[in-house]
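Residue-level structural notes
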Amino acid sequence: MYSYRELASKFNGYFAQHMPFPAQPAGLYDPCSQFLADGGKRIRPVLCLMGNELFGELTTDAWHAASAVELFHNFTLIHDDIMDRAPLRRGRPTVHAAHGLTAGILCGDVMNIHAYMELAKIGRSLPAILDIFNRTAAEVCEGQQLDMDFELRNDVSMQEYINMIALKTSVLLACSLQIGALTGGSVGDNASRLYAFGKNMGIAFQLKDDYLDAFGDPEATGKQNGGDIKANKKTFLLIKALENAPDHQKADIMRLATGDSEQKVTEMLDVFQATGAAKACLDTI
């Protein structure tokens, strides 16, 4: 079996060679090609290939499935950046920031369409793969809507938050493993068990993303520091800070979290440390 690094390298080579976009109209496809060429961690397609390898040699179907999940994932990133009004992604201007809102919307749309074009090339277990992929796609949209809804609420519970990140982030990691297993010929409950493993791993993955958004190095993460704080996101860190804070401090924390002071990010980071929320996040991961 190949290592993660080896599979990531192989997928990057395959994906670059089979980049699905035509040359025209350049206003649509150039931003798509640029965004995909910027890379990313390729975690989801590699998980798909790993799921296949657990049950046999890498198949042509696995490469199509891996390409589909990577295209779908990048579609969600482009649209998420629009909804979050994010200026940076992977250390570069986001698609809508660099090319305009119309380009951002259409680039995301066409990537989603091409994801299904890749799925249509799969020969083995296609009905089952489409079923899990479609269900996952709907759940990702549900998770994103909940994420946006939570920006307007001050009473989000930890259980609600974990459910939201499971939908927004975890299910696609789980889906990647499961459909990879199906392309490799998995039988019985094995593919479902991989799905459950991927979902739990995805929750930890999102919690680490929350932590890095607050305390990470912008040069390493490629994102603005404190982006979730600026967007009034109800993250694990904020919810745990409210859980741990004395009653007389909770209202002050919420006023700070939903305000727009110049020192908002710095002060919220101090709150996360002082209440033990930062340590609790790392412990939970």
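Residues numbered from 1 in each chain as written. Predicted model: local features only at pLDDT ≥ 70, side-chain atom pairs only at ≥ 80, totals over all residues. Heavy atoms only, no water.

**Quick look at the environment of M117**
- Its location among the elements puts M117 in helix α6 (residues 101-119).
- What makes M117 partly exposed here is its relative accessible area of 45%.
- On a C-alpha basis, the gap between M117 and A68 in space is 7.9 Å, while along the polypeptide they are 49 residues apart. (Helix = DSSP H or I, 4+ residues; strand = E, 2+ residues; numbered from the N terminus. Buried < 20%, exposed > 50% of the residue type's maximum accessible area, 1.4 Å probe, protein only.)

**Re helix α1 (residues 4-17)**
- End to end, α1 covers 20 Å across 14 residues, agreeing with the expected 20 Å (1.5 Å per residue, within 8%).
- Among the residues of α1, those classed as buried are L7, A8, F11, Y14 and F15. In a view along the axis of α1, the buried residues occupy a sector of 130 degrees, so they form one face of it. For α1, exposure combined with an orientation more than 90 degrees from the buried face picks out R5, A16 and Q17.
- In the core, the buried residues of α1 are packed alongside α2 (26-37), α3 (43-53) and α4 (60-84). (Expected span 1.5 Å × (residues − 1). Arc of directions from axis to C-beta. Contact = heavy atoms within 4.5 Å.)

**Some details on the pattern of salt bridges**
- Summed over all chains, the structure comprises 15 salt bridges.
- For the salt bridge of R92 with D38, the shortest nitrogen-to-oxygen distance reads 3.1 Å. Separated by 54 residues along the polypeptide, R92 in strand β2 (residues 92-93) and D38 in the loop between α2 and α3 bring together distant segments of the chain.
- Look at R92 and you get partly exposed, because its relative accessible area is 46%.
- Note on D38: relative accessible area 31%, which makes it partly exposed.
- One salt-bridge network, held together by shared partners, links D84, D147, E151, K168 and K233. (Salt bridge = Lys/Arg side-chain N within 4 Å of Asp/Glu carboxyl O.)

**Points about the packing of α1 against α3**
- It is the contact of α1 with α3, at a shortest axis distance of 9 Å, that shows an interaxial angle of 115 degrees. For the element pair α1 / α3, the angle class is roughly perpendicular. The two elements α1 and α3 cross, and the hand of that crossing is right-handed. Where α1 approaches α3, its residues Y4, L7, A8 and F11 are matched on the opposing element by I43, P45, V46, L49, M50 and E53.
- For the contact of α1 with α3, the per-class residue count stands at nine nonpolar, no polar and one charged. (Axes fitted to C-alpha atoms, helices over the stretch in contact; angles between N-to-C directions. Parallel < 35°, antiparallel > 145°, perpendicular 65-115°, else oblique. Left-handed = near helix turned anticlockwise from the far one by under 90°. Nonpolar A, V, L, I, M, F, W, Y, C, P; charged D, E, K, R; others polar.)

**Considering the nonpolar core**
- Judged by nonpolar contacts, the single largest core of 51 residues is most densely connected at F21, L49, F72, M111, F133 and I179.
- Taken together, the elements giving at least two residues each to this core come down to α1, α2, α3, α4, α6, α7 (126-150), α8 (158-183) and α9 (190-215).
- Broken down by element, the residue count for this core peaks at eleven residues, all from α4.
- Not counting residues up to four positions away in its chain, the partners in contact with M111 are F21, C32, F35, L36, L71, N74, F75 and I78.
- In terms of nonpolar packing, the next biggest core, distinct from the first, is built from 32 residues, I203, I229, L238 and F272 among them. (Core = buried A, V, L, I, M, F, W, Y, C linked by side-chain atoms within 4.5 Å.)

**Observations concerning helix α13 (residues 247-258)**
- For α13, with twelve residues, the first-to-last C-alpha span of 18 Å sits near the 16 Å given by 1.5 Å per residue.
- Restricting attention to buried positions, one finds in α13 the residues I253, M254, L256 and A257. The buried residues of α13 all sit within an arc of 160 degrees when viewed along its axis, so they share a single face. Facing away from the buried side of α13, by more than 90 degrees, are the exposed residues H248 and R255.
- Those residues of α13 hidden inside the fold are in contact with α11 (227-230), α12 (236-244) and α14 (264-274).

**Looking at a nonpolar patch on the surface**
- Nonpolar side chains collect at one region of the surface, where M1, L54 and F55 lie side by side and expose about 330 Å² of accessible area between them.
- For F55, the location among the structural elements is in the loop between α3 and α4.
- Judged by relative accessible area, which is 31%, F55 ranks as partly exposed. (Patch = residues over 30% accessible without salt bridge, like charges linked within 9 Å, V, L, I, M, F, W, Y side chains within 5 Å. Areas by Shrake-Rupley, 256 points an atom, 1.4 Å probe, with all protein chains shown as cover.)

**Observations concerning the environment of F75**
- Examined against the element boundaries, F75 turns out to sit in helix α4.
- The exposure class of F75 is buried, given its relative accessible area of 11%.
- For F75 and D109, which are 34 residues apart along the polypeptide, the C-alpha to C-alpha distance reads 6.8 Å.
- When residues no more than four places from it in sequence are discounted, the contact partners of F75 are G108, D109, M111 and N112.

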